[in-house]
Amino acid sequence: MSRLARRMDSETGGFVESGKGRHAVMENPQETPQWLAELRDTALQQCRTAALPDRVAHLWRYSDPNWFVPETAPDKPINRGKKQGALPDWLKPRIGELERSQAPHLALCNGQIVSTYQPPGLLTSGVTLSTLAAGIVTDEALVRAHLGRYVGPSFGKFEALNLATWDTGVLVAVPKNFVSVQPLQLIIATDASRAFSSIRLLIVLAQQSAATVAIELLGDPKASTAQQLNIVLEVAVGAGAALKQIMVQNLSNRTHALLTNRGSVDRDGHLTAILTSFGGEKVKADLGTVLTGKGAETKFVGVAFAQDRQHLDHHTVHQHLAGNTTSDLDFKVVLKGKARSAYTGLIRIEKDAPFCEAYQENRNLLLSKNARADSIPELEIMTDEVRCTHGATVGSIDLNQVFYLMSRGIPNDEAIRLIVAGFLEHTIQIVPDELREQIRELAAQRISDF
Amino acid sequence: MNETLPVELKRQPDIAAIGTDYEAKYGFKDPAEYFHKGRKGVDHEVVEMISRMKNEPDWMRDFRHQSLDIFLRKPMPTWGNTELLNQINFDEIYYYVKPTEASSGNWDDVPDYIKNTFDRLGIPEAERKFLAGVSAQYESEVVYHSMKEELVKQGILFTDMDSGLREHPEIVKKFFATVIPPTDNKFAALNSAVWSGGSFIYIPPGVHVDIPLQAYFRINMENMGQFERTLIIADKGARVHYIEGCTAPVYSTNSLHSAVVELIALEGAYIRYTTIQNWANNIYNLVTKRAVAHKHATVEWVDGNIGSKLTMKFPCIYLMDEGAHGEILSVAFAGTGQHQDAGAKVIHAAPNTTSTITSKSISKDKGRASYRGMVKVYPGATGSKVAVECDALLIGKEARSDTYPTMEIDEKDVSIEHEARVSKVGDEQIFYLMSRGLTEAQARLMIVNGFIEPFVKELPMEYAVELNRLIEMEMEGSIG
């Protein structure tokens with residue numbers, strides 16, 4: 001056992017004995033329901049007994065689990081002297097923008113609400129857009145039915161840690177048959193005033209409902225102090241419901257973040273998950289969708305753009321539990337500087353799931369000599385009535401394309417910028433209007449010098 | 001109606017009748033009259049005994065003992081089909097069985113029961129027809145060996161590995177275990193400790209061997225472990241094509257085949273290594289095969305996996321110098337009770353190196369076929385090009401296919417492509433062929449044959465015919 005692992009063990013052990021920290025995260029500790037206390041206790045036990053992920057297993061071959069072991073006790077966040085709940089300067093423009101647009105949103109910074117707005121129509125519709133702690137009070141039955149169901153206590157050591165210790169949470173719940181036209185926007189911002197945060201997000205779409213949910217994970221762009229995040233996102237898409245989920249990851253470049261996402265899609269449900277991954281020093285994301293009902297569909301579109309010494313490790317799982325289900329994945333990676341990307345993707349079609357279709361494509365574009373890309377697209381197919389393909393490519397910019405553009409009078413650097421922008425544009429196109437420019441801007445900043 | 005059928009289908013009278021003849025054709029057992037049969041299990045005493053019986057130099061004996069220590073120290077692999085792997089009982093295996101006193105260059109000197117075996121397998125016939133040299137291994141030792149006169153005159157060395165060590169110690173010592181050290185994996189360590197037999201080939205600079213050299217490996221005994229060791233060196237500008245085949249009788253208990261094969265292609269050389277593995281379904285086939293290709297050299301692995309209970313075999317090519325080229329072409333057929341865990345590895349360690357991997361797998365009934373691959377490009381290997389293509393065909397609701405490719409790319413100026421497809425035989429394809437007068441079985445077979453065509457066309461004619469026949473056998477009863 002590593003030194004760090006031992007430390008986590010003793011620290012979380014201390015967490016049990018103090019007992020206080022757990023309840024302190026609730027807004028009103030007296031109302032902590034019994035089931036939640038038990039769920040956290042179970043998760044804590046699992047966290048203490050589970051081993052750190054095995055690096056022999058290839059999902060952790062490229063990232064060191066110790067990066068995500070909390071440097072401090074989870075229940076004793078080190079308050080590095082800043083006043084909590086204050087809106088940091090770097091976040092102000094984005095919040096201002098949101099408030100001006102009158103978009104339904106909930107913005108949290110270091111676990112505190114810094115801005116929220118729900119148009120009157122949404123308030124009366126039964127849609128919940130609140131902190132998870134508040135959601136437990138207002139929608140207790142719903143939270144109880146879904147919390148920890150997709151990323152539960154036995155999922156893994158880090159995921160159990162999250163379930164035991166989350167202190168920042170968001171609940172988005174859309175009632176049956178309701179179609180939310182405006183995207184619901186969430187901002188989860190953290191800075192280094194807390195060395196470690198556990199963040200838990202839950203999105204539940206009841207049957208025949210539809211919504212677009214945008215999640216921005218933001219960090220201080222000029223951060224000089226290290227921080228660690230453990231984020232879990234659970235998503236349930238009910239029968240016939242449709243969710244478009246966009247995640248913009250732009251954490252500080254001193255952040256070690258572990259992100260676990262599981263979506264469950266019921267009969268004839270549809271989930272489109274869009275991920276744009278830009279920030280973080282060391283980020284490991286495990287993103288999965290389980291197709292549980294016949295006719296369920298999922299589409300994953302992702303872009304990762306890393307520079308300097310960033311390390312981005314993305315894993316996707318598409319599990320077909322039911323027949324006639326479809327999954328489609330398109331993940332693009334651009335690397336410059338000494339950045340490194342590892343992508344591992346799995347499509348698994350179970351024995352009792354005939355007539356499935358699954359596609360997976362991973363393309364890696366290397367802009368610098370010292371960049372490194374690893375790709376492991378995997379298939380596990382247990383039945384014969386399937387159509388399943390995957391493809392992966394790694395390479396640098398096609399010089400023929402550069403030559404063509406230069407022959408039209410476009411200078412070399414500009415030609416390369418255009419080609420990279422074109423490589424990403426297909427993905428950016430399907431991002432909702434509210435976020436598209438912002439993502440283009442993030443990509444453009446990175447292409448401006450290479 | 002028969003008039004419209006393609007020739008190859010016409011000569012198949014009744015497809016449903018074909019098959020179940022592995023037992024008849026390859027599954028026969030010989031009465032054992034062994035010259036020496038060691039005891040079960042492996043320890044330093046057994047290793048010492050093998051080395052003494054072979055009268056080996058000290059360096060090889062030390063190498064064996066060191067390898068055994070590595071084997072005993074190394075844990076079993078924790079990846080792959082661990083459930084099957086952990087069923088191997090290393091104490092229940094015979095590690096060294098010597099059927100005859102000495103290898104022979106004259107077919108008449110081979111004991112009758114062994115001669116009958118290879119006669120039934122068609123080896124002497126094949127030798128007369130199209131081979132430049134033949135080596136036949138029975139249990140642990142090569143019992144028959146011959147090579148055409150003119151090849152001997154050109155300075156080509158083709159012997160069993162033991163004779164190679166005795167007669168050409170300077171070449172063996174220089175290259176042996178340089179490509180696959182005993183520390184590579186547990187089974188390579190085991191082979192290094194108890195190896196016996198296998199082929200040793202050296203082709204002098206500039207010599208082209210235009211017709212293939214062949215080795216045939218036969219396991220006859222129950223609970224047998226066969227650990228042949230093959231080393232092929234093609235000197236500058238030399239060319240060689242080597243073929244191996246393997247079969248065994250069907251027993252209720254399992255046997256272990258764990259070979260180590262090292263290929264070295266020096267500057268401008270060309271080596272093609274063809275295997276058609278048709279072990280009985282009680283054999284664990286855990287083989288380490290690796291090649292090194294130097295400047296402008298080419299190495300090709302043509303790898304067919306039809307038999308065995310569990311095969312774990314990932315032919316590998318290290319492209320060490322500029323302009324080296326590697327090609328791996330593999331076919332796996334997994335029926336019920338079989339797991340073909342096959343694949344390919346290519347390591348690009350120099351600029352302007354190229355490689356292609358083509359893998360075709362067929363999983364039928366409860367069979368499982370996996371492709372496990374690795375493509376690695378080291379920094380500085382600019383201009384490297386890799387193309388990987390994996391196709392899998394599933395026949396039956398419970399058939400399973402896995403694809404586990406790994407790509408580790410440390411260089412920007414490269415072109416790496418990987419593609420895989422998994423599907424079943426299309427109903428519309430069957431329907432189309434049936435509308436042209438084929439029966440369903442004929443249509444299905446034709447589609448399967450078409451699927452593996454890129455592989456079959458790389459085989460020498462006789463092997464292609466044999467492989468097609470094997471596929472027919474395996475496809476028997478696949479309707480519905």
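### Side note on the overall build of chain A
Then step 1. Counting secondary structure elements, chain A contains 11 helices and 19 strands.
Then step 2. In terms of overall size, chain A behaves like a compact globule, its C-alpha atoms giving a radius of gyration of 21 Å where 450 residues would be expected to give roughly 22 Å.
Then step 3. Structurally, chain A occupies a C-alpha span of about 70 × 55 × 50 Å along its principal axes.
Then step 4. Accessible area for chain A stands at about 17100 Å²; split by element, carbon and sulfur atoms hold 50% of it.
Then step 5. When the 47 basic and 49 acidic side-chain charges of chain A are each reduced to a single mean position, those positions are 4 Å apart.

### Quick word on the overall build of chain B
Then step 1. Each helix and strand counted, chain B has 15 helices and 24 strands in total.
Then step 2. Projecting the C-alpha coordinates of chain B onto the three principal axes gives extents of approximately 70 × 60 × 50 Å.
Then step 3. Looking at chain B as a whole, 65% of its 480 residues are labelled buried.
Then step 4. Of the contacts made within chain B by residues no fewer than 6 positions apart, 84% connect residues no fewer than 24 positions apart.
Then step 5. On chain B, roughly 17400 Å² of surface is accessible, and the fraction owed to carbon and sulfur atoms is 50%.
Then step 6. The positive charge centre, built from 51 side chains, and the negative charge centre, built from 67, are 2 Å apart in chain B.

### Quick notes on the pattern of salt bridges
All names here are of chain B.
Then step 1. The final tally for this structure, using the stated rule, is 50 salt bridges over all chains.
Then step 2. For Asp 43, the salt bridge is made with Arg 39, and the minimal N-O distance between the two is 3.0 Å.
Then step 3. Residue classification places Asp 43 among the partly exposed residues on the basis of a relative accessible area of 27%.
Then step 4. Across the pair Glu 408 and Lys 376 runs a salt bridge, and its minimum N-O distance is 2.8 Å. Here Glu 408 is found in strand 23 (residues 400-409), whereas its partner Lys 376 is found in strand 21 (residues 368-377), with 32 residues between them in sequence.
Then step 5. Judged by its relative accessible area of 7%, Glu 408 is buried.
Then step 6. The class for Lys 376 is buried, based on a relative accessible area of 11%.

### Description of the interface of chain A and chain B
Then step 1. With 35 residues of chain A in contact, the opposing surface of chain B contributes 35 residues.
Then step 2. Around 2800 Å² of area is buried between chain A and chain B when both sides are counted, 46% of it from carbon and sulfur atoms.
Then step 3. Area buried by chain A at its contact with chain B is led by Lys 369, Asp 384 and Val 394 of chain A, which between them contribute 20% of it.
Then step 4. Between Glu 408 of chain B and Arg 61 of chain A there is a salt bridge, and its shortest N-O distance comes to 3.8 Å.
Then step 5. Where chain A touches chain B, the interface holds 20 residue pairs in polar contact (both at pLDDT 80 or more).
Then step 6. Here strand 18 (residues 372-381) of chain A runs beside strand 23 of chain B; their pairing, made up of 6 bridges, is antiparallel. Note that in strand 23 of chain B the partner of Ser 375 of chain A across the bridge is Met 407 of chain B.

### So, the domain arrangement of chain A
All names here are of chain A.
Then step 1. Assigned domains of chain A: these are domain 1 (3-292) and domain 2 (398-450).
Then step 2. With 14 residues of domain 1 at the contact, the number on the domain 2 side is 10 residues.
Then step 3. Across the domain 1/domain 2 interface, buried area totals approximately 1100 Å², and carbon plus sulfur atoms make up 73% of it.
Then step 4. Summed over the three residues of domain 1 that lose the most area to domain 2, namely Val 248, Ile 274 and Phe 278, the buried surface amounts to 41% of that side.
Then step 5. The interface formed by domain 1 and domain 2 includes 0 salt bridges.

### Digging into the side chain of Thr 255 of chain A
Residue and element names in this part refer to chain A.
Then step 1. Along the polypeptide, Thr 255 turns up in strand 10 (residues 255-265).
Then step 2. In this structure Thr 255 comes out as buried when scored by relative accessible area, which is 1%.
Then step 3. Engagement of the side chain of Thr 255 in a polar contact is seen with the side chain of Ser 252, the distance being 2.8 Å.

### Here we look at the side chain of Asn 223 of chain B
Residue and element names in this part refer to chain B.
Then step 1. Residue position: Asn 223 is located in the loop between strand 7 (213-218) and strand 8 (225-226).
Then step 2. Residue Asn 223 is classed as buried on the basis of its relative accessible area of 14%.
Then step 3. Filtering out sequence-adjacent residues up to four positions away, Asn 223 remains in contact with Lys 40, Glu 92, Ile 93, Tyr 94, Thr 253, Asn 254 and Ser 255.

### A short note on the environment of Leu 365 of chain A
All names here are of chain A.
Then step 1. For Leu 365, the position within the fold is in strand 17 (residues 356-366).
Then step 2. For the pair formed by Leu 365 and Val 334, sequence separation is 31 residues and the distance between their alpha carbons is 4.8 Å.
Then step 3. Non-local contacts of Leu 365, meaning those with residues more than four positions away in its chain, are made with Val 333, Val 334, Leu 335, Gly 395, Ser 396, Ile 397, Val 420 and Phe 423.

### As for helix 4 (residues 58-73) of chain B
Residue and element names in this part refer to chain B.
Then step 1. With 16 residues, helix 4 ought to run about 22 Å at 1.5 Å a step, and its terminal C-alpha atoms sit 23 Å apart, in line with that.
Then step 2. Along helix 4, the residues classified as buried are Met 60, Arg 61, Phe 63, Arg 64, His 65, Ser 67, Leu 68, Ile 70 and Phe 71.
Then step 3. Looking at the buried side of helix 4, the elements it contacts are helix 3 (44-53), helix 9 (161-167) and helix 11 (186-194).

### Let's talk about the pairing of strand 16 (residues 340-349) of chain A
All names here are of chain A.
Then step 1. Burial runs high along strand 16: 8 of the 10 residues are buried.
Then step 2. One ladder, built from 10 bridges, connects strand 14 (residues 311-320) with strand 16; its direction is parallel. Considered in strand 16, the bridge of Val 317 is made with Leu 346.
Then step 3. Bridging between strand 16 and strand 18 involves 10 bridges; their strand directions are parallel. Across the sheet, residue Tyr 343 finds its bridge partner in strand 18, namely Ser 375.

### Structural notes on the packing of helix 4 of chain B against helix 11 of chain B
All names here are of chain B.
Then step 1. Between helix 4 and helix 11, the shortest axis-to-axis distance is 7 Å and the interhelical angle comes to 150°. By the criterion of interaxial angle, the relationship of helix 4 to helix 11 is roughly antiparallel. Crossing geometry of helix 4 relative to helix 11 is assigned as left-handed. From helix 4, Phe 63, Arg 64, Ser 67, Leu 68, Ile 70 and Phe 71 reach across to helix 11, where they touch Lys 186, Ala 189, Leu 190, Ser 192, Ala 193 and Val 194.

### Quick word on the nonpolar core
Then step 1. If you look at the biggest cluster of nonpolar residues, it comprises 168 residues, and the most contacted ones within it are Ile 215 of chain A together with Leu 467 of chain B.
Then step 2. Among all residues touching Leu 467 of chain B, those that are not within four sequence positions of it are Ile 276, Ile 306, Ile 452, Phe 455, Val 456 and Leu 459 of chain B.

### As for the packing of helix 3 of chain B against helix 4 of chain B
Residue and element names in this part refer to chain B.
Then step 1. Close contact between helix 3 and helix 4 brings their axes to 10 Å; oriented N to C, the two are set at 155°. With respect to helix 4, the element helix 3 is oriented roughly antiparallel. Of the two possible hands of crossing, helix 3 and helix 4 adopt the one that is right-handed. Counted together, His 44, Val 47, Glu 48, Ile 50, Ser 51 and Arg 52 of helix 3 and Arg 61, Arg 64, His 65, Leu 68 and Asp 69 of helix 4 form the full contact between these two elements.
Then step 2. Residue classes in the contact of helix 3 with helix 4 are distributed as 3 nonpolar, 3 polar and 5 charged.

### Description of unusual backbone geometry
Then step 1. A positive phi angle, near 60°, is found at Phe 355 of chain A, a position not held by glycine.
Then step 2. Unusually for a residue other than glycine, Asn 223 of chain B sits at a positive phi of about 55°.

### Here we look at the environment of Val 170 of chain A
Then step 1. Along the chain, the position of Val 170 of chain A falls in strand 4 (residues 168-174).
Then step 2. The contact partners of Val 170 of chain A, leaving out residues within four places of it in the chain, are Leu 106, Leu 108, Ser 130, Thr 131, Leu 132, Leu 186, Ile 188, Arg 200, Leu 201 and Leu 202 of chain A.

### Thoughts on helix 3 of chain B
Residue and element names in this part refer to chain B.
Then step 1. Of all the positions in helix 3, only Val 46, Val 47, Ile 50 and Ser 51 are classed as buried. The buried residues of helix 3 occupy an angular sector of 130° when the element is viewed end-on, so they sit on one face. Those residues of helix 3 that are exposed and aimed more than 90 degrees away from the buried face are Glu 45 and Arg 52.
Then step 2. Turning to helix 3, the residues buried within the fold contact helix 4 and helix 11.
Then step 3. The distance from a side-chain oxygen at the start of helix 3 to the backbone nitrogen of Glu 45 is 3.1 Å, and the residue carrying that oxygen is Asp 43.
Then step 4. Downstream of helix 3 by a residue or two, Asn 55 has a phi angle that is positive, lying close to 55°.

Cut-offs used in this document
Residues numbered from 1 in each chain as written. Chains lettered and ligands numbered in written order. Predicted model: local features only at pLDDT ≥ 70, side-chain atom pairs only at ≥ 80, totals over all residues. Heavy atoms only, no water. Helix = DSSP H or I, 4+ residues; strand = E, 2+ residues; numbered from the N terminus. Rg over C-alpha atoms; globule rule 2.2 N^0.38 Å. Areas by Shrake-Rupley, 256 points an atom, 1.4 Å probe, with all protein chains shown as cover. Lys, Arg positive; Asp, Glu negative; His and termini not counted. Charge placed at Lys NZ, Arg CZ, Asp CG, Glu CD. Buried < 20%, exposed > 50% of the residue type's maximum accessible area, 1.4 Å probe, protein only. Contact = heavy atoms within 4.5 Å. Salt bridge = Lys/Arg side-chain N within 4 Å of Asp/Glu carboxyl O. Buried area = accessible area lost by both parts, 1.4 Å probe. Polar contact = N/O pair within 3.5 Å; in protein donor to acceptor, adjacent residues only side chain to side chain. Pairing = 2+ DSSP bridges. Domains from an automatic or database assignment. Expected span 1.5 Å × (residues − 1). Axes fitted to C-alpha atoms, helices over the stretch in contact; angles between N-to-C directions. Parallel < 35°, antiparallel > 145°, perpendicular 65-115°, else oblique. Left-handed = near helix turned anticlockwise from the far one by under 90°. Core = buried A, V, L, I, M, F, W, Y, C linked by side-chain atoms within 4.5 Å. Nonpolar A, V, L, I, M, F, W, Y, C, P; charged D, E, K, R; others polar. Arc of directions from axis to C-beta.

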